[in-house]
Amino acid sequence: MKRVLVIGAAGQIGSELSAALWNHCGSAAVLATDIRDPATWGGRTEAQRLDCLDRGALARAVRDFRADTIFHLAAILSASAEANPLLAWRVNMDGLLNVLRVAAAHRCRVFAPSSIAAFGPEAPRDPTPQTTVQRPSTMYGVTKVAGELLCDYYHARYGVDARGLRFPGLISYRTPPGGGTTDYAIEIFHAALATGRYNCFLRADTRLDMMYMPDATRAVIELMEAAPEPLRHRNAFNVTAMQFTPAELAREIRRHIAEFRIDYNPDPVRQAIADSWPDRLDDSEARAQWGWRHRYDLPRMATAMMRGLARTMTHDRGRLQAMTESAGR
Ligand code: NAD
Ligand code: SER
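Residues numbered from 1 in each chain as written. Chains lettered and ligands numbered in written order. Predicted model: local features only at pLDDT ≥ 70, side-chain atom pairs only at ≥ 80, totals over all residues. Heavy atoms only, no water.

### A closer look at the environment of Gln134
Here Gln134 lies in the loop between β6 (114-115) and α5 (139-158). Among the residues examined, Gln134 registers a relative accessible area of 24% and is labelled partly exposed. Excluding residues within four positions of it along the chain, Gln134 makes contact with Ala118, Phe119, Val145, Glu148 and Arg166. A polar atom in the side chain of Gln134 sits 3.2 Å from the backbone oxygen of Ala118. Within the structure, the side chain of Gln134 is placed 3.3 Å from the side chain of Arg166, a separation counted as a polar contact. (Helix = DSSP H or I, 4+ residues; strand = E, 2+ residues; numbered from the N terminus. Buried < 20%, exposed > 50% of the residue type's maximum accessible area, 1.4 Å probe, protein only. Contact = heavy atoms within 4.5 Å. Polar contact = N/O pair within 3.5 Å; in protein donor to acceptor, adjacent residues only side chain to side chain.)

### Some remarks on the site of ligand 1
Around ligand 1 lies a shell of 27 residues, among which Gln12, Ile13, Asp34, Asp51 and Tyr140 are the nearest. Between ligand 1 and the protein, one listed contact pairs an oxygen atom with a side-chain N or O atom of Tyr140 at 2.5 Å. At 2.9 Å from an oxygen atom of ligand 1 is found a side-chain nitrogen or oxygen belonging to Lys144. For ligand 1, whose accessible area on its own is 820 Å², the fraction buried by protein is 93%. Residue assignment for the shell around ligand 1 shows that the elements contributing at least two residues are α1 (12-25), β6, α5 and β9 (169-171). Of the residues contributing to the shell around ligand 1, the split by class is 15 nonpolar, 8 polar and 4 charged. (Near = heavy atom within 4 Å. Areas by Shrake-Rupley, 256 points an atom, 1.4 Å probe, with all protein chains shown as cover. Nonpolar A, V, L, I, M, F, W, Y, C, P; charged D, E, K, R; others polar.)

### Quick notes on the nonpolar core
Within the largest apolar cluster, 45 residues are counted, with the highest numbers of intra-cluster contacts made by Tyr184, Phe189, Phe244, Leu249 and Met301. The set of elements that each furnish at least two residues to this core consists of α4 (85-106), α6 (184-194), β10 (197-200), β11 (208-212), β13 (242-244), α8 (246-254), α9 (268-275) and α11 (298-315). When sequence neighbours within four positions are dropped, the list of residues in contact with Met301 reads Ile171, Phe189, Tyr212, Met242, Phe244, Leu249 and Tyr296. Ala10, Phe111, Met213 and Trp292 belong to the second largest nonpolar core, which has 34 residues in total. (Core = buried A, V, L, I, M, F, W, Y, C linked by side-chain atoms within 4.5 Å.)

Spelled out as structure tokens, the structure:
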């Protein structure tokens, strides 16, 4: 992993993973790309516009940058995918296929994330085993299962060193989330700090699996640095850090803001998605095969979010205002 191309670098994970890779691989070794104009998101790394559906442009970017590893983060997330299932199929499947074809041709390694969404209502919920029935009821989940299998196929058939994690909901404050169902767990912090109240789109008792972003970016780098031999579930490792309901998260936030108030106004689409997902992944295989360990539990994550957001708020009141307004809708 000497020269890396990040696709979807303007997103929630891509923005923080690009920065982590910049620290890990060196400043000249990271090319951050996204379908969005870099003028609106570019950070410290070299950045350019790239649509993963354009295989020619993708191949040229890999060749010109001499990339040896592709981090593929471009996708349409769960709630957005239910709003536009055909777009989700195209971006999530055709985009991944383009990445794997270019990786096979240019001998690149690939990181492509899966999700808790790869499981459906028939899977055991607590814990959800590493290997179990996967019959998701969402278009996003369908593309995640198919993506895991496609990566396995490209590894077995073409020798592409593809690796992936089944991420739970990821919590962070630097870049807004991109249309997922677990987004409530980020919006709630913005709303708590800005207005002291939050209107939650999930029921109070909806338990979901979650992870704080620094654990997630570290997991990606550790998996990509791991020796290949022990990796028996290379494209679909369950990983987890914490599990909570909106009511439990609200209780944790009240330890920081005593007067914080939460109301519940479940959105039927996102509630149905959440109800079909695991409460808690069993990540014992990731722990055994490449030494995965989380560092952030609920209290530690909440403290870090409060501190990080409070700093951001003083720098960027306009962005915070916009996010909390959309969170309240
Ligand atoms: P995001 O929506 O925040 O970012 C995705 C980025 O992809 C956006 O910046 C978007 O502009 C870009 N993009 C969309 N279409 C593109 C295209 N055709 N070409 C190039 N770029 C395009 O998503 P995220 O939260 O950063 O998720 C990244 C990956 O991680 C996805 O595969 C997602 O399924 C997975 N994941 C995320 C979470 C989470 O909680 N954030 C959890 C599990 C899995
Ligand atoms: N956080 C993601 C979503 O809610 C899970 O993959 O869509």
